[in-house]
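Observations on the three-dimensional arrangement
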Amino acid sequence: MSAARNVLAPETRTFLHCRLKNRDGSRCFYCRRNFRRRPGRRKTLDHYIPHRIWPGWNVDNLVLACERCNLAKADALPLPLVWLLLAVYRPENWELTA
Ligand SMILES: [Zn+2]
């Protein structure tokens, strides 16, 4: 994780939290636990596709996640995305050019 990745103005962070809450509700994207019912559960911004692959703060690539899920996912691709990629890019679908 680079230092520049975390540089986000507080008002921008607040704006993104509000936007994602309106889009996805007040729940962790991964475990679906409600943030409102767990006041101690810290809400974080998570890059669904890891920041190293899709850098920036585009709202299309952001979800709200509890700190626990965010730390558990770390810099990995979400499993459903991996399944999707495997389904689309199966070896039998590859064209042989040699
Ligand atoms: Zn969670």
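Here the structure is a predicted model, which means the values were calculated and not measured.

Moving on to the overall build of the protein chain. Assigned secondary structure in the protein chain consists of 3 helices and 2 strands. Overall, the protein chain shows an N-to-C arrangement of helices and strands of α-β-β-α-α. Residues classed as buried in the protein chain amount to 10% of the 98 residues present. Of the contacts formed within the protein chain by residues at least 6 apart in sequence, a portion of 59% connects residues at least 24 apart.

Right, let's talk about the environment of C69 for a bit. Here C69 is to be found in helix α2 (residues 67-73). You can call C69 partly exposed: it has 19 C-beta atoms within 10 Å. Separated by 38 residues in the primary sequence, C69 and C31 place their C-alpha atoms 7.2 Å from one another.

Here we take up the nonpolar core. Counting residues in each nonpolar core, the largest one holds 7 residues, listed as L20, C28, L62, V63, L64, A65 and C66. A total of 5 residues in this core trace back to one element, the largest contributor, which is strand β2 (residues 62-66).

Further remarks concern unusual backbone geometry. Although it is not a glycine, R32 adopts a positive phi angle of roughly 65°. The class of R32 is exposed, set by 10 C-beta atoms lying within 10 Å. With a phi angle near 55°, A74 is a residue other than glycine that sits in the positive phi range. The exposure class assigned to A74 is exposed, which follows from the 9 C-beta atoms found within 10 Å.

Let us now look at the pairing of β2. Where burial is concerned, most of β2 is hidden: 5 out of the 5 residues are buried. Here β2 shows a buried face lined by L62, L64 and C66 and a second buried face lined by V63 and A65. Pairing of strand β1 (residues 43-47) with β2 involves 5 bridges; the strand directions are antiparallel. By the bridge assignment for β2, L45 is matched with L64.

Quick look at the environment of L16 now. Within the secondary structure, L16 sits in helix α1 (residues 10-24). For the pair L16 and W57, spaced 41 residues apart in the sequence, the C-alpha separation amounts to 8.8 Å. Residues contacting L16, with those up to four places away along its chain left out, are L45, W57, V59 and L62.

Next up on the list: α1. With 15 residues, α1 should reach 21 Å at 1.5 Å per residue; the first-to-last C-alpha distance of 21 Å fits that figure. Two residues or fewer past α1, G25 is found with a positive phi of approximately 90°.

What counts, and at which threshold
Residues numbered from 1 in each chain as written. Predicted model: local features only at pLDDT ≥ 70, side-chain atom pairs only at ≥ 80, totals over all residues. Helix = DSSP H or I, 4+ residues; strand = E, 2+ residues; numbered from the N terminus. Buried ≥ 20, exposed ≤ 12 C-beta atoms within 10 Å, placed from the backbone. Contact = placed C-beta atoms within 7 Å. Core = buried A, V, L, I, M, F, W, Y, C linked by C-beta atoms within 7 Å. Pairing = 2+ DSSP bridges. Expected span 1.5 Å × (residues − 1).

That's the geometry; what it means functionally is another story.
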